[in-house]
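# Observations on the model geometry
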Amino acid sequence: MPNLNDIQKVLIIGGGPTEIGHETELDSATVQVITSFKKQGVRTLVIDNNPFSVALEEIQPTNMYVQAVTTANVRHIIEKDRPDAILPTLGGLLGIRITQELVENGDIANFDVRILGMPATTLRQINNPAALNATLKEIHEPVIEAQVVGSLDEARGLVESIGFPLIVKPVAPRLDTNRTVCENIDDMFNALTQGFQQSRFDQCTLERSVIGYKEIEMVAVRDVADTEVLIAGLENVDPIGIHSGDSILVTPPQTLNDREYQDLRDATFRIATELNIVGVLHLHFALNPANQHFYVTKIAPYFSRGVALAARTTGYPIALVNGALLLGQRLVDIKLPSQYVKQTAIMEPTIDHVSVRIPIWPFQEVPDADQHLDTVMKAVGSTVGVGRSVEEAMLKAVRSSQFSPRDVLPSVSNLTDGEMIRQLIHPLANRILVLIEALRRGYDPDELSELTKIDNYYFVKLRHLLTIEKQIQEHPLDVDTLQRARYFGFGDGMIARIWETDTATIRHLSAQAKITPTYKMIEPTAGEFAENLSAYYSTFEYENESEPLGDRTALVLGRGGNQLGPNSAAEYFTTEMLKQLKRAGYHTIIMNTNPNAVGVAPEFSDKQYVDPIQLGDVLNVIQVEHPDIVIVPGNRHYLTRELSKLSVNLHVLPPDQETAEPAPKLATIGVSLFVHQQQKVAIGVMDMIAPGMNKSLAQVTAFRMPAELPKAKRLNLVEQAKEAVSARQVTGMVQVLFAPKGTDSSQLTVVGVRPTRLTEMAFLSKVTGVNWVRMLTRQHIGTLDDTELAKIKIDLNSKRVALMNAAFPFRQLHVLNRPGTTDQEVGATIAFGSSEALTLTNLSDTSELDQIINRTI
């Protein structure tokens, strides 16, 4: 096995398509670790089949394996390329499982490959509760007794000793979303039946329930010399019983006393040492608030939502440091970027602000899913609010999570008292709004704490917000009230609604009274050192820390928290756009509230603002930065309309789909063109596949390029497409839609022209090797050369066939698995192969597409 000092080539296992349980945080971390490896002269190989991966854009094509992330494919790469080491932790639970299988079948030993981040003994334990618990007991760490069962009869025999309620968990699950609370025998049998199917070993564990305990998380890093740094503690507002991915999360923890915090910190370090973890470690604890006793409930030695949140909200560059640690550097020797005054990575972050993360759920797009929050994760994204107080951070996070174009919160005042009590005990996705409404109706914090098991502290904070709301109602257009409201996170739109006026009036009143935001740096020393980092949040205090970047500045508005639809592709678009703007000489600023977004990593922009993407907040940033260009995503219609009234150089990128002509009901072929001045570059002719019986355009969620047509037919369609865009005088990335003419399926006619969707734009970039996002960006900023574009030659008749297939969250949400629509996509997979291998004839459902992809790569 090679020593860490001798490692020259590392294979990174990617996370595959976005799904419930992980979104773009794995891709973001991968990009940063690749950067760290490059600095140390290490060649990086990556396997991933995510068409929206930014990491795949960061490496040379010879180092890129666009293949399904499976054990067989990883083994084949190891055999062919002989990497010195393999890195599983950037692939999340999937990467851990694949590497575990490679250990078990002897491939790691046979090919003399080193596992980075942990020894093989630890890898075997991560998904083996019995072995892990035994290890933790040896170092006297408290664990919940778990019994492994392989049949219903075994479970029946153990029920008396464990008692109800109990929790069923699959052993070595395929997804990080599977824990079921069981109140009786029937619940247990149902959970076991499902759990056996989800387990790689056909086994489940039964363990005593600790529902109602506090859930606390700790994120730490450790080096080869056993030096450890705690990066952050994270407190779940919701108790054990609601999956942490569906819980409101606060950092730093607000309701722990010093002894509790230090006990969990010490336990984190002991566990990291015992398991010999090198790099990042994310732990979950169940804490009994009555007696300070705690249990270790989850050990995650890989990148996760919690790690991403810790990095974003402390300013500590976890991924960058992790890359150096994995190759054997010690914390004391790792030099942080020059922006850090205290440049060694050994500093333990101390912060002077509060961050709150609120989940985003997919129930609007998948209404038949069970909307109750429980131990199975259902959120597809999240937003974060940062402020000087819990109130400010909480309200900013809530405002960001609701996606209200006018910055107002929806009301749940129509709930009866009976419905409210039921939702307090059995929470739904609108949980935070129900908690606020209960307080508004006069429920006492102690009562609500008893009902929900949420610490009384948070109800006191929410009640304080209601007190401020009442003051706003009682003192219309009062300057002191406005100052107080803004300090605690109320947005311009919220205040305007209460005072029955408009945003312009609120802003005019603020300007007259000199009530303007100050921006504070997100940095890890609580102001002890004069850091010069690039992330900021707003508050209404003294001492503004954000200075304008200067001439030639571009402000890019992100899309906020991840949702179903094209959001993963949108994150790819935003990041590639930022890279191109920087290359064109712009100072780049991103405004986003998604803690898992790739584009908010400091590598891609000069400054990041973590504030709600609402009109008032955007105007505040514009007043500070005076950007030369403001770029708004096409789905932000209200923002676009309001900003277009002002003297700003506004660009809508990606373009607004709704500005296209009326969409046809059916399309079977898409011809993609890049139109610039006199140039019309043909990018590709693709089959548009709608699996299932319904063949509507909304169900076109798979694409094959080139389309299965004779060469002459493809060229004829391209000419028709060029005529169609000329007639409509459109520019940019354009897709011309074709469908059969009448009953003759061989005769195709133009049925529509639209801006290329984000998903297809990413697909086309991966297939052609031309980054069309950057081309489109250059067109908007006026740096695209017509003659350069004319030199691009695309082979429309390539023998290499590419297939992109959307992924859906139906299995994870436990709803009927059926062909989905474009607004239900959670991610996608991409595959390359021969025409025979990737045949799409007689496809009936998405699972068949999955089988084709897995067979051919």
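Presented here is an overview of the structure given in this document. Each residue is numbered by its place in its chain's sequence as written, counting from 1. Totals for whole chains, interfaces and linings use all residues, but because this is a predicted model, local features are given only for residues with pLDDT of at least 70 and pairs of side-chain atoms are given and counted only at 80 or more. Water and hydrogen atoms play no part in the side-chain values, which are based on all heavy atoms of the structure.

Once that is clear, we can look at the pairing of strand 2 (residues 43–47). Burial analysis of strand 2 places 4 of its 5 residues in the buried class, which makes it a mostly covered element. In this structure, strand 1 (residues 9–13) lies alongside strand 2, joined through 5 bridges in parallel fashion. Paired with Lys 9 across the bridge in strand 2 is Arg 43. Bridging between strand 2 and strand 3 (residues 64–65) involves 2 bridges; their strand directions are parallel. Counterpart to Val 46 in the pairing with strand 3 is Met 64. Working definition: with a 1.4 Å probe on protein chains only, accessible area under 20% of the residue-type maximum means buried, over 50% means exposed, and in between means partly exposed. Helix and strand assignments come from DSSP, with helices taken as H or I runs of at least 4 residues and strands as E runs of at least 2, each series counted from the N terminus. Strand pairing is assigned whenever DSSP detects at least two bridges linking the two strands.

Our next topic: the packing of aromatic side chains. For Phe, Tyr and Trp, where Trp contributes only its six-membered ring, two rings pair if their centres lie within 6.5 Å, and the inter-plane angle classes them as stacked under 30 degrees, edge-to-face over 60, or tilted in between. If you walk through the whole model with that rule in mind, you get 8 aromatic pairs. Aromatic side chains Tyr 213 and Tyr 295 sit 6.3 Å apart centroid to centroid with 25° between the ring planes, which places their arrangement in the stacked category. Pair noted here: Tyr 213 is in the loop between strand 9 (204–208) and strand 10 (214–222) and Tyr 295 is in strand 14 (residues 294–300), with a separation of 82 residues, a long-range link. Seen from their ring centres, Phe 285 and Phe 294 are 5.6 Å apart, and the 85° between their planes marks the pair as edge-to-face. Cluster of aromatic residues (ring-pair linked, three or more members): Tyr 519, Tyr 536 and Tyr 609.

It is worth spelling out the pairing of strand 11 (residues 228–236) at this point. Strand 11 sits mainly inside the fold: 9 of its 9 residues count as buried. Where strand 10 meets strand 11, 7 bridges bridge the pair, whose relative direction is antiparallel. Following the sheet pairing, Arg 222 is matched in strand 11 by Glu 228. Count of turn residues in the strand 10/strand 11 antiparallel hairpin: 5 residues, of which Asp 226 carries a positive phi of about 65°. Note that strand 11 and strand 12 (residues 249–251) share 2 bridges and pair antiparallel. Paired with Glu 235 across the two strands is Val 250, which belongs to strand 12.

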